Number of protein chains: 4
Amino acid sequence: MTYATRMLDTHSRDFNLDADVLAAFIDAAGQCSHACTACADACLGEASVGELVRCIRLDQDCADVCSVAARVASRQTESDTDLVRAIVEACATACRACGDECDEHASRHDHCRICAQACRDTEQAARSLLAAMT
Amino acid sequence: MTYATRMLDTHSRDFNLDADVLAAFIDAAGQCSHACTACADACLGEASVGELVRCIRLDQDCADVCSVAARVASRQTESDTDLVRAIVEACATACRACGDECDEHASRHDHCRICAQACRDTEQAARSLLAAMT
Amino acid sequence: MTYATRMLDTHSRDFNLDADVLAAFIDAAGQCSHACTACADACLGEASVGELVRCIRLDQDCADVCSVAARVASRQTESDTDLVRAIVEACATACRACGDECDEHASRHDHCRICAQACRDTEQAARSLLAAMT
Amino acid sequence: MTYATRMLDTHSRDFNLDADVLAAFIDAAGQCSHACTACADACLGEASVGELVRCIRLDQDCADVCSVAARVASRQTESDTDLVRAIVEACATACRACGDECDEHASRHDHCRICAQACRDTEQAARSLLAAMT
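Of the two same-sequence chains, chain D is brought onto chain C (RMSD 0.0 Å, axial shift 0.0 Å) by a rotation of 180 degrees. Those values place the two copies in the arrangement expected of a two-fold rotation axis. Looking at chain D, 100% of its interface residues are interface residues in chain C too, so the copies touch through the same face.

A few words on the relation of the copies chain A and chain C. Overlay of chain A on chain C (RMSD 0.0 Å): rotation 180 degrees, translation along the axis 0.0 Å. A share of 100% of interface residues in chain A that are also interface residues in chain C marks the association as one of identical surfaces.

This part is about the interface of chain D and chain C. Counting residues at the interface gives 27 residues for chain D and 27 residues for chain C. Note on chain D versus chain C: buried area summed over both sides is about 2,300 Å², and carbon and sulfur give 62% of it. Summed over the three residues of chain D that lose the most area to chain C, namely R57, R75 and L83 of chain D, the buried surface amounts to 26% of that side. The tally of links between chain D and chain C comes to eight salt bridges. Taking the shortest distance from any N to any O, the salt bridge between R54 of chain D and D80 of chain C comes out at 3.5 Å. For the pair chain D and chain C, the interface holds 18 residue pairs in polar contact (both at pLDDT 80 or more). Elements with a contribution of two residues or more to the side of chain D that touches chain C: α3 (53-74) and α4 (81-104) of chain D.

What follows is about the interface of chain A and chain C. Each partner contributes residues to the interface: chain A has 34 residues there, and chain C has 34 residues. The junction of chain A with chain C conceals about 3,100 Å² of combined surface from both sides, 57% of it contributed by carbon and sulfur atoms. Counting across the interface, chain A meets chain C through two salt bridges. Between the two partners, chain A and chain C, sit 14 residue pairs in polar contact (both at pLDDT 80 or more). When contributions to the side of chain A that touches chain C are tallied by element, the ones reaching two or more residues are α1 (3-9), α2 (19-44), α3 (53-74) and α5 (110-133) of chain A. Per-element accounting of the side of chain A that touches chain C gives the leading share, 10 residues, to α2 of chain A. A breakdown of the residues in the side of chain A that touches chain C according to their chemical character gives 12 nonpolar, 13 polar and nine charged.

Generally speaking, a soluble globular protein has its nonpolar side chains buried in company with each other. Within the largest apolar cluster, 230 residues are counted, with the highest numbers of intra-cluster contacts made by F25 of chain A, F25 of chain B, F25 of chain C together with F25 of chain D. Dropping the residues within four chain positions of it, F25 of chain D is found in contact with A69, A70, A73, V88, C91, T122, A125, A126 and L129 of chain D.

The next subject is the packing of α3 of chain D against α4 of chain D. Residue and element names in this part refer to chain D. Between α3 and α4, the shortest axis-to-axis distance is 9 Å and the interhelical angle comes to 155 degrees. Judged by the angle between their axes, α3 and α4 are roughly antiparallel. In terms of crossing hand, the pair formed by α3 and α4 is left-handed. Across the interface between the two elements, R54, C55, L58, D59, C62, V65, C66, V68, A69 and V72 from α3 touch L83, V84, I87, A90, C91, A94, C95, A97, C98, E101 and C102 from α4. Of the residues assigned to the contact of α3 with α4, the class counts are 18 nonpolar, no polar and three charged.

A separate point is the pattern of salt bridges. Counted according to the given criterion, the structure contains 52 salt bridges over all chains. Here R57 of chain A and D61 of chain A are joined by a salt bridge, their closest N and O atoms 2.8 Å apart. Separated by four residues within a single helix, R57 of chain A and D61 of chain A lie in helix α3, roughly one turn from each other. Comparing R57 of chain A with D61 of chain A shows no difference in burial state: the two are buried. Across the pair E101 of chain C and R54 of chain C runs a salt bridge whose closest N-O atoms are separated by 3.3 Å. With E101 of chain C in helix α4 (residues 81-104) and R54 of chain C in helix α3 (residues 53-74), this pair connects stretches of sequence that are 47 residues apart. A residue is classified by how much of its surface remains accessible, and R54 of chain C, at 26% relative accessible area, is partly exposed. The network of salt bridges with shared partners includes R57, D61 and D64 of chain A, R71 and R75 of chain B, R71 and R75 of chain C together with R57, D61 and D64 of chain D.

Residues and elements named next belong to chain C. Interaxial distance between helix α2 (residues 19-44) and α3 falls to 8 Å at its minimum, and their mutual angle equals 155 degrees. The orientation of α2 relative to α3 falls into the category roughly antiparallel. In this structure, the crossing between α2 and α3 has a hand that is left-handed. When its residues are assigned to classes, the contact of α2 with α3 shows 18 nonpolar, six polar and one charged.

Cut-offs used in this document
Residues numbered from 1 in each chain as written. Chains lettered and ligands numbered in written order. Predicted model: local features only at pLDDT ≥ 70, side-chain atom pairs only at ≥ 80, totals over all residues. Heavy atoms only, no water. Least-squares fit on C-alpha atoms with pLDDT ≥ 70 in both. Contact = heavy atoms within 4.5 Å. Buried area = accessible area lost by both parts, 1.4 Å probe. Salt bridge = Lys/Arg side-chain N within 4 Å of Asp/Glu carboxyl O. Polar contact = N/O pair within 3.5 Å; in protein donor to acceptor, adjacent residues only side chain to side chain. Helix = DSSP H or I, 4+ residues; strand = E, 2+ residues; numbered from the N terminus. Nonpolar A, V, L, I, M, F, W, Y, C, P; charged D, E, K, R; others polar. Core = buried A, V, L, I, M, F, W, Y, C linked by side-chain atoms within 4.5 Å. Buried < 20%, exposed > 50% of the residue type's maximum accessible area, 1.4 Å probe, protein only. Axes fitted to C-alpha atoms, helices over the stretch in contact; angles between N-to-C directions. Parallel < 35°, antiparallel > 145°, perpendicular 65-115°, else oblique. Left-handed = near helix turned anticlockwise from the far one by under 90°.

Functional significance is not addressed by these values, which are geometric in nature.
Written out as structure tokens, the structure is:
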């Protein structure tokens, strides 16, 4: 059981969202933020860094957006639905852009292949959370 | 001249956005992130903290979202327009929610009054940037 | 196998650190950052929020410091040893302070109990990483 | 008057630190975080990106550490002195490493020259704050 599930289980407030869907998003976005940070750094370390400029750029954005989306979604006290929705949508958009770019390099760089998968998983988890919020 | 303007002036790439509008957003969001962090902390230090729970919550979200929106907007190499737009929209939404809440406490707490102003300024700067991106 | 391990396995550069010790720190710090964010929020939602002010404060600091320590430690391209050491030491210090405070409330609040454990685990992982860097 | 000064002026708690020294650090670290984010991105956009790998790496670390140091220093409710000192020291260390590296490229890239200055100013402000905490 991840910390996301355990912390939601022990939260002081009720929240009208499916805790499994929420925890899945928090975990996925946290992992994706890490994968994107590491992929940006691994790309930077490649001899072919000049061909990976767009990948590094999007990895950085996606790492930042996923990290903050996970933080906002982790908070269940006095949530503002419009705000949560906006940042989870931004997260899905970032994961789409970064996942598409990483896919382009997946055959040559395993770090891009793994990062693309993290982005796909998180985009999916974001869309499931958005659907659950309707 | 702020660092945002100086760094945009010396950037290695061309970018098809009005540099003044972009720098104004970066500066406003950076200042707002700081103001929200400080307001959350000042609220936490009030004897009446129990009445400021929603304000602290939204200050935290707004600090996080503004900080990341400023980072993404600062990057001009291989930008993804959909991604930039999504995070700037999330920033405007966060500033709206947090500014509205801080306004409720502005007459009693100067830190809320100042923070509300930072949120209003940043929401405006975000909307100007979104308009310039069209 | 976590993303930390998978991303280190596929990194473009060699690094003269035990990958298991490094991955353990990255994973622990990432989990702890999330646990602290969630604990701050759960404390904020308690009726007794006035007694949890110091806990919320330290949770916020610890969440921020753990998150950045995990990012810095995830990067293996052209690392600066002094810099890595300084942020991992700051992480250990933050986890010590936050773990001690959360322990004070562990008997009444399960979120504090779980968060204290995350802080203890991360302080330990930070100290193991510092030892491995010597 | 910056937001750092205005927010410290209106804070709910007393703090036994010189407010000018504290505000100077918060402002410098916030500006430096932005300058480093922008410098990493401008380096990434250069044709000679392969020669700027270490600069990009340190810019990213320094941006992350300065951002969190500014957040922690902005909080004045129930501060933990050891924790504040540890993150401000990490900030000084990051600014030293990043400033040294940016200096190497200052004659060719104005973004590195400006970023080096932001790092020098922030290292100085961090050392002044550490001295004031003794």
